[in-house]
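Read off the chains here:
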There are 2 protein chains.
Amino acid sequence: MNEEQWLKELLKFNEEDGKWSEKQIKILEAAIEMFAEKGYAATSTSEIAKRAGVAEGTIFRHYKTKKDLLLAIVMPTLFQSVAPFLAKEFAKEVFENQYEHYEDFVRAVWKNRYEFVKKYLPAIRVFWQEIAFHDEIKKQFETIFKTHVYEKFKKIIEHFQEKGEIVELPVESVIRLTITTIAGFFAARFMIMPDYEWDDDAEMERTIQFLMNGLAKK
Amino acid sequence: MNEEQWLKELLKFNEEDGKWSEKQIKILEAAIEMFAEKGYAATSTSEIAKRAGVAEGTIFRHYKTKKDLLLAIVMPTLFQSVAPFLAKEFAKEVFENQYEHYEDFVRAVWKNRYEFVKKYLPAIRVFWQEIAFHDEIKKQFETIFKTHVYEKFKKIIEHFQEKGEIVELPVESVIRLTITTIAGFFAARFMIMPDYEWDDDAEMERTIQFLMNGLAKK
DNA sequence: ATTTCAAGTGAGTACTCACTCATTATTGTT
DNA sequence: AACAATAATGAGTGAGTACTCACTTGAAAT
């Protein structure tokens, strides 16, 4: 997949205007790279323009402010981050026994998000760095998480608790333990120790086994 | 504990010079607060001076550059973050059966680090934000982790694996799973959802049970 | 061929940044 | 009280900041 393709894919939820000029994409690419490397506040618009091979004014033709440019990166990343839970078919896939066990569900989510993280890593870096400092982003995230991710996740867990497959802890705790176990791997694998020699498949097996044992009903 | 006290405690590993003037402490306090709120790059030295009730020049009398000020916050926090593993008595406590089970060890670490995180939260925020952008910090962290934390952790895990208490996964995986499970709680509790109504003791119980089941030998 | 117009430019603008330094205030010593 | 040494000050500095705007370009529409 070429450089432009993945970016267009990340942005495709916003297809309403659809028409991304070449320079606009170059600007986004440069901004993502530099924000990921040095952070939003430490990156100047003149540097972005230089790396994008564009005049500084061109940035402000497409994005009213520097912050608008940040949001144009961060918001699509936010939506893609929780994409599986936003899909309509998603809940059905679970309840119509496409996933017979909680483990099947976890494996599906894992693989899906693994591909996502590998593909969009720089944008995800920017997202997680800047969510700490920008309230609009944090609030958007909270809203999406509560109304989409949490609600669906809850039903899925209650489903498998009723089936007697997983332990009868509070749903919130099961969600948290599931997410931190999966996200903990991604954080270690891609953020904290990206240069360590990982055997991704083996580590996935170990982690999922650990998670299933931890949540097993005794 | 008053405001100055906790800061002095955080800094005490660096007792060689020991003499912290009142203004110097005020500057550090203000810097920690503001770096935690808006980030290092987005905070100006003039703002720090104002909040500290000090002239801007005074900052540069005590810290040669703005980055020196950052390091004066971040390095002590780095050391304190892994403090239990740096203590000489630490390994003894484990091997001389002061901790009979891996669970006892995990509980001890949990409680110790829980107090630490509660106390120094803003400094820890700054540390985790800025480690992503400053190579010196990241390298220091890696060195300390490899030579102190990892080595001791490894021996402890091998000890309990030989006792047949925990599963025979690669040590690296057991360390990672243990840390991400504990750190995952702290991240959710203090960083991502600090306003949620947590029952800390109950959640600790659930999390440790989850961890021990996940790592149990079958 | 002429008009139209969005896309692109880059020098210019007002302002902020980290850092300096001559001057003043405070403290300790005799 | 006189002096020395140190600490603190804040106006000043030049480099850099996000953003503007009068202008150019090129391609499509008439």
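Rules used in this analysis
- Residues numbered from 1 in each chain as written.
- Chains lettered and ligands numbered in written order.
- Predicted model: local features only at pLDDT ≥ 70, side-chain atom pairs only at ≥ 80, totals over all residues.
- Heavy atoms only, no water.
- Helix = DSSP H or I, 4+ residues; strand = E, 2+ residues; numbered from the N terminus.
- Buried < 20%, exposed > 50% of the residue type's maximum accessible area, 1.4 Å probe, protein only.
- Contact = heavy atoms within 4.5 Å.
- Areas by Shrake-Rupley, 256 points an atom, 1.4 Å probe, with all protein chains shown as cover.
- Lys, Arg positive; Asp, Glu negative; His and termini not counted.
- Charge placed at Lys NZ, Arg CZ, Asp CG, Glu CD.
- Buried area = accessible area lost by both parts, 1.4 Å probe.
- Salt bridge = Lys/Arg side-chain N within 4 Å of Asp/Glu carboxyl O.
- Polar contact = N/O pair within 3.5 Å; in protein donor to acceptor, adjacent residues only side chain to side chain.
- Nonpolar A, V, L, I, M, F, W, Y, C, P; charged D, E, K, R; others polar.
- Near = heavy atom within 4 Å.
- UniProt positions renumbered as here; feature names shortened; annotations may be inferred.
- Least-squares fit on C-alpha atoms with pLDDT ≥ 70 in both.
- Core = buried A, V, L, I, M, F, W, Y, C linked by side-chain atoms within 4.5 Å.

Q: For this particular structure, what's the right way to read the overall build of chain A?
A: When helices and strands are tallied, chain A shows 11 helices and zero strands. Projected onto the principal axes, the alpha-carbon positions of chain A cover approximately 65 × 40 × 30 Å. Taken over 218 residues, chain A has a buried fraction of 47%. Counting only contacts in chain A whose residues sit at least 6 apart along the sequence, the fraction spanning at least 24 positions is 68%. Of the roughly 10900 Å² of accessible surface on chain A, a fraction of 52% belongs to carbon and sulfur atoms. For chain A, the distance from the average position of its 32 positive side-chain charges to the average position of its 37 negative side-chain charges is 4 Å.

Q: Before we go on, may I ask you to explain the interface of chain B and chain A in this structure?
A: At the interface, 35 residues of chain B touch 36 residues of chain A. Carbon and sulfur atoms supply 60% of the area that chain B and chain A bury against each other, a total of about 2800 Å² over both sides. Scanning the region where chain B abuts chain A turns up two salt bridges. Between B:E203 and A:R176 there is a salt bridge, with the nearest N and O atoms lying 3.0 Å from each other. Where chain B meets chain A, there are eight residue pairs in polar contact (both at pLDDT 80 or more). Among the secondary structure elements, those contributing two or more residues to the side of chain B that touches chain A are α2 (22-38), α10 (171-192) and α11 (200-215) of chain B. Of the residues forming the side of chain B that touches chain A, the biggest block, 11 residues, is contributed by α10(B). A class-by-class count of the residues in the side of chain B that touches chain A yields 18 nonpolar, nine polar and eight charged.

Q: Please explain the protein's contact with DNA strand D as it appears in this structure.
A: Surrounding DNA strand D, one finds 15 residues, the nearest of these being A:T45, A:K66, B:A55, B:T58 and B:H62. Contact between DNA strand D and A:T45: a phosphate oxygen at 2.8 Å from a main-chain N or O atom of the residue. Here a phosphate oxygen of DNA strand D sits 2.6 Å away from a polar atom, N or O, in the main chain of A:K66. Listing elements by their share of the surface near DNA strand D, those giving two or more residues are α3 (45-52) and α4 (56-62) of chain A together with α4 (56-62) of chain B. Among the elements that line the surface near DNA strand D, the one with the most residues is α4(B), at four residues. Of the residues belonging to the surface near DNA strand D, the class tally is three nonpolar, eight polar and four charged.

Q: When you look at the UniProt feature "domain: HTH tetR-type" (unreviewed entry) in chain A in this model, what are you seeing that I'm missing?
A: With numbering aligned to this structure, UniProt lists the feature "domain: HTH tetR-type" (unreviewed entry) at residues 21-81 of chain A. Secondary structure within residues 21-81 of chain A divides into 79% helix and 0% strand; the distance between the first and last C-alpha atoms comes to 25 Å.

Q: Got a minute to help me understand the UniProt feature "DNA-binding region" (unreviewed entry) in chain A in this structure?
A: UniProt marks residues 44-63 of chain A with the feature "DNA-binding region" (unreviewed entry), using the numbering shown here. Secondary structure over residues 44-63 of chain A splits into 75% helix and 0% strand, and the C-alpha atoms at its two ends are 14 Å apart.

Q: I would appreciate a short explanation of the protein's contact with DNA strand C in the present structure.
A: By nearness alone, 15 residues border DNA strand C, and A:T58, A:R61, A:H62, B:T45 and B:K66 come closest of all. Taking the atoms of DNA strand C that fall within 4 Å of the protein, sugar and phosphate contribute 56% of them. A:T58 is positioned such that a nitrogen or oxygen atom in its side chain is 2.6 Å from a phosphate oxygen of DNA strand C. Taking B:T45, its main chain carries an N or O atom lying 2.8 Å from a phosphate oxygen of DNA strand C. Counting residues per element, the ones that place at least two in the surface near DNA strand C are α4 of chain A together with α4 of chain B. Residue contributions to the surface near DNA strand C peak at four residues, all from α4(A). Of the residues belonging to the surface near DNA strand C, the class tally is three nonpolar, eight polar and four charged.

Q: Please clarify how the pattern of salt bridges should be interpreted in this entry.
A: Residues and elements named next belong to chain B. Scanning the model with the defined rule gives 20 salt bridges over all chains in all. The salt bridge involving E33 is made with R51; its shortest N-O contact spans 2.4 Å. With E33 in helix α2 and R51 in helix α3 (residues 45-52), this residue pair connects regions lying 18 residues apart in the sequence. The class for E33 is partly exposed, based on a relative accessible area of 33%. The shortest N-O distance in the salt bridge between D200 and R189 comes to 2.7 Å.

Q: Looking at this model, I keep getting lost on the relation of the copies chain B and chain A. Mind explaining?
A: Each of the two copies of the chain can be brought onto the other by a rotation about an axis and a shift along it. Laying chain B over chain A is done by rotating through 180° and shifting 0.0 Å along the axis; what remains is an RMSD of 0.1 Å. In the structure described here, the two chain copies are related by an operation that fits a two-fold rotation axis. Using C-alpha coordinates, one finds that chain B approaches the rotation axis most closely at B:G214, a distance of 2.0 Å. When the interface residues of chain B are mapped onto chain A, 100% of them again fall at the interface, so both copies present the same face.

Q: What am I meant to see in the nonpolar core here?
A: A general feature of soluble globular proteins is that nonpolar side chains tend to end up buried together. One finds A:Y102, A:F105, A:L215, B:Y102, B:F105 and B:L215 to be the most contacted residues of the largest nonpolar core, which totals 82 residues. Among the nonpolar cores identified, the runner-up in size contains 29 residues, and B:L28, B:Y40, B:I131 and B:F141 belong to it.

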